Every structure is written in C-alpha cells, then in structure tokens.
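Survey of secondary and tertiary structure
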Number of protein chains: 2
Amino acid sequence: MSDLFLALIHHPVLDRNGRIVTSAITSLDIHDIARSSHTYGVKRAYIVHPIPEQREFAATVIDHWRFDFGRSFDGRRREALETIKIVTTLDDAISDATTVAGARPSIVHTSARTSGGTPMAELRRKMASSDSPPMMILFGTGFGLAPEVLERADIVLDAILGPGDYNHLSVRAAVSIILDRLCGR
Amino acid sequence: MSDLFLALIHHPVLDRNGRIVTSAITSLDIHDIARSSHTYGVKRAYIVHPIPEQREFAATVIDHWRFDFGRSFDGRRREALETIKIVTTLDDAISDATTVAGARPSIVHTSARTSGGTPMAELRRKMASSDSPPMMILFGTGFGLAPEVLERADIVLDAILGPGDYNHLSVRAAVSIILDRLCGR
C-alpha cells in the first residue's frame, strides 16, 4: 500500500458564515487523530497552524504524554502521539512527507459538500496498486477547508454520506471514517 | 432497514487497570456522537449514567445548544442533539427504545478486544433484511465495557481493525466508524 499521510488544516478554513479564518487547535483533535492515524497505519499526521503560540500549545499537549504524567498513565497514547508532527504550512507538511516517503505525495481534498468527486472505494483501489504515489489527505477544521485549498488538490474525494442528507460530522469523526474506508480490514 | 439505537455506557466500564469504575460524561462525546448518530440515521443515542449530577451536566450541555447561544450559532448542532436522550441505566434505554421502535431491540456489544465475533458486514446484511429486529449498539467509555455487560448482549461485534495490531481508538472514533460500516452509503 502507498504511504499515507494526513494534514489537519487550521488556516485557511471557513467559519459558519463562509468567511476565511484561522481556527484554534483543540487538544482532543490531536489525541483522537493520533489514535485513529496510528490504528490505520498513517505514517505522519500533520497539525498545520500558522501561529507560533498555537503550535507551542500543540507541542505541550504532546509533551505532557511523552514525558510526564501521560507516559506512565497510558503508553498507547504516547505511541499514537508519535505519529503527530506540528508544522506551519501545508508546504512544510508536503516537504516533510516527501522526505519520509521518498516521493511527493498526491494531495487529497476532503469536504462534506463534494459530490461528483472520486469515490472512496476508487482511492482505496488506487492506493493498493504497487505504483501508487504516497497520499496526503487534507482535513479542514472549523466549517471546512477554504476554496483556495482546492487548487492544491490532485484528488477531490467525495463527501461521506449516511442514509439521509445530513452529514455534519466532526472532523474527528470524518478522519476516522475516511481512514477506515481507505485502510480498514 | 431496522431501527438503530446506540447507548454510550459510563458504568460499568473498565479503567486502565481493568477495575470496574464509573466514568465521567465528556461534553465532546455528546456532540460528536450526536452528529455521527444523526448523519447515519440513528433513532436515539442514549447517554447512560447512574449519577444524577452527571446526567444534569449532560442536560446543560444539550440545553445550551437548544435554547441559548448555540441555537443561533449553528442550527445543525441543535438538530443533531435532538437525537440524544439521557438515561440512568441500560434498562431505561432498552425500555425507551422498545417504545420508540415498537419491538425490543437486539443488544449489540462492541469492544476493541473481540475476535471471532460477528463481522460488521454480517450485521449490516442482517439489519437490511425486512424481518430484522431493532438494534441497540453499546459503546463503553473509559477503557471499555465491563465484562458483565457482555451477558446483556445478543450479538457480539468484532473489533475494528486497521492494517496492523494497534486499535486504540477513541470512543468517538469507534462510534463513527461502526455507524459508517453499518449504515454508510
């Protein structure tokens, strides 16, 4: 299977009124995404934030589990958090993933509003082929990725749908479901 | 499809040492599980807690979005939270679901440690058949459901697995993935 990466984007994302904003890092996002990423074999999960103080906050969340109380409390948390890398921009994440994988990853866009994109089963088949490039899946916090992020994408993934029309999932749930569809047994 | 319910159990659950404990309600669990439940057509998601103060806390989380700030902030949150019902015991949840569905639900046990149980694809097929009973899926907080909960189960669902052996998912992720496997398009 091709090497898989993901990036949790905090800027540029939308707020509820469709304005472009920078969202705050949530400690539970880091934990949940680390655990889901490690379960599904993601090489690195990037927390992308342009503001130094926010990156420092994310680092303290991780260090708490790496060195202090958390290490003795639950070693599996620490193990999962080793998947996380905090970076400033999407380009930094792509550059790091290129070094890790030995090839530039294809960029995969996700949104709750996409229809007519690439079905998840098709991406799963593509990733299983021996000549597949590495993949980096982008997830937007807030109310989703800003439109300009779409220009960076090589693949635009279809939205996750349940039986009805409502699909207002948390980013933590969306990450878990997409990883399961692409890499679950 | 058969009517689907879920119950988030806070007692009896295990702590990291395998002791039986009562875990605290987390507001983000309520939000994430409400959003995932509503996306996948769950009739009711029960937050099960034996301690009155904890149930009151859960009620304030929901009321905040029902009546106050949240109502105007994001109507889709409020809509999802209408799926949530706070109860004292699993029997209360079963009783309420029986009234809603018109038949007693089959109880489905989930755990990260089950092997040799019912595969998720098999339960999905079963639920799609016209003579399927309603289903209630149990999820344990903390470090999972206590062994005695297994005695209540009609169906024991296989653990979620990624490519490797690590499967330490958050309960929020486990709920999302199982709902997607059972009801996703």
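Residues numbered from 1 in each chain as written. Chains lettered and ligands numbered in written order. Predicted model: local features only at pLDDT ≥ 70, side-chain atom pairs only at ≥ 80, totals over all residues. Heavy atoms only, no water.

Mapping chain B onto chain A is achieved by rotating through 180° and translating by 0.0 Å along the same axis, at an RMSD of 0.0 Å. Considering both components of the superposition, the chain copies are consistent with a two-fold axis. (Least-squares fit on C-alpha atoms with pLDDT ≥ 70 in both.)

A separate point is the pairing of strand β4 (residues 44–48) of chain B. Residue and element names in this part refer to chain B. Counted residue by residue, β4 has 4 buried out of 5 residues, so it is predominantly covered. Across 5 bridges, the pairing between strand β1 (residues 4–9) and β4 is parallel. Across the sheet, Phe5 pairs through a bridge with Arg44, a residue of β4. Note that β4 and strand β5 (residues 84–87) share 4 bridges and pair parallel. When the bridges of β5 are listed, Ile47 appears paired with Ile86. (Buried < 20%, exposed > 50% of the residue type's maximum accessible area, 1.4 Å probe, protein only. Helix = DSSP H or I, 4+ residues; strand = E, 2+ residues; numbered from the N terminus. Pairing = 2+ DSSP bridges.)

To describe a pair of aromatic rings, one takes the distance between the centres and the angle between the planes. Residue and element names in this part refer to chain A. If you walk through the whole model with that rule in mind, you get 2 aromatic pairs over all chains. With a centroid separation of 6.3 Å and an interplanar angle of 25°, the aromatic rings of Phe5 and Tyr46 are classed as stacked. A residue pair is termed long-range when its members are at least 10 positions apart, and Phe5 in strand β1 (residues 4–9) and Tyr46 in strand β4 (residues 44–48) qualify at 41 residues. This pair shows no difference in class: Phe5 is buried, exactly as Tyr46 is. Sitting over the face of the ring of Trp65, Arg77 holds its NZ or CZ atom 4.8 Å from the ring centroid. (Phe/Tyr/Trp six-rings, centres within 6.5 Å; stacked < 30°, edge-to-face > 60°. Lys NZ or Arg CZ within 6 Å of the ring centre and 35° of its normal.)

What follows covers the sheet that holds strand β5 (residues 84–87) of chain A. Sheet strands associate in pairs through backbone hydrogen bonding, adopting either a parallel or an antiparallel arrangement. Residues and elements named next belong to chain A. If you trace the 6 strands from one edge of the open sheet to the other, you get β5-β4-β1-β7-β6-β8, paired in parallel fashion. Two strands in the sheet have a free side with no partner beyond their single neighbour: β5 and β8 (155–156). Where helix α5 (residues 90–101) meets the sheet, its contacts fall on β1, β4, β5, β6 (106–109) and β7 (135–140), and the angle it forms with β4 comes to roughly 165°. Relative to the sheet, helix α7 (residues 171–183) contacts β1 and β7, its axis offset from that of β7 by approximately 155°. (Contact = heavy atoms within 4.5 Å. Axes fitted to C-alpha atoms, helices over the stretch in contact; angles between N-to-C directions.)

Residue and element names in this part refer to chain A. Where helix α1 (residues 27–39) contacts α7, the axes come no closer than 10 Å and their chain directions differ by 5°. Here α7 runs roughly parallel to α1, going by the angle between their axes. When α1 is examined against α7, the residues Leu28, Asp29, Asp32, Ile33, Ser36 and Ser37 are found in contact with a partner set consisting of Val171, Arg172, Val175, Ser176 and Leu179. (Parallel < 35°, antiparallel > 145°, perpendicular 65-115°, else oblique.)

Residues and elements named next belong to chain A. When helix α6 (residues 120–128) is considered as a whole, its buried residues turn out to be Met120, Leu123 and Met127. What you see down the axis of α6 is that its buried residues fit within an arc of 60°, all on one side. Exposed and facing more than 90 degrees away from the buried side of α6 are Arg125 and Ala128. (Arc of directions from axis to C-beta.)

In many reports, interface size means the accessible area that the parts give up when they come together. Tallying the contact residues gives 37 residues for chain B and 37 residues for chain A. Contact between chain B and chain A buries roughly 3500 Å² in total, counting both sides, with carbon and sulfur atoms accounting for 50%. Of all residues in chain B, Tyr166, His168 and Arg185 of chain B bury the most surface against chain A, accounting for 22% of the area lost on that side. Put simply, chain B and chain A have 4 salt bridges between them. Close ionic contact of Arg172 of chain A with Asp32 of chain B constitutes a salt bridge, the shortest N to O distance being 2.7 Å. Between chain B and chain A we count 22 residue pairs in polar contact (both at pLDDT 80 or more) in total. Listing elements by their share of the side of chain B that touches chain A, those giving two or more residues are α1 (27–39), α3 (69–73), α4 (75–81) and α7 (171–183) of chain B. Looking at the side of chain B that touches chain A element by element, the count peaks at 7 residues for α7 of chain B. Split by residue class, the side of chain B that touches chain A holds 13 nonpolar, 12 polar and 12 charged. (Buried area = accessible area lost by both parts, 1.4 Å probe. Salt bridge = Lys/Arg side-chain N within 4 Å of Asp/Glu carboxyl O. Polar contact = N/O pair within 3.5 Å; in protein donor to acceptor, adjacent residues only side chain to side chain. Nonpolar A, V, L, I, M, F, W, Y, C, P; charged D, E, K, R; others polar.)

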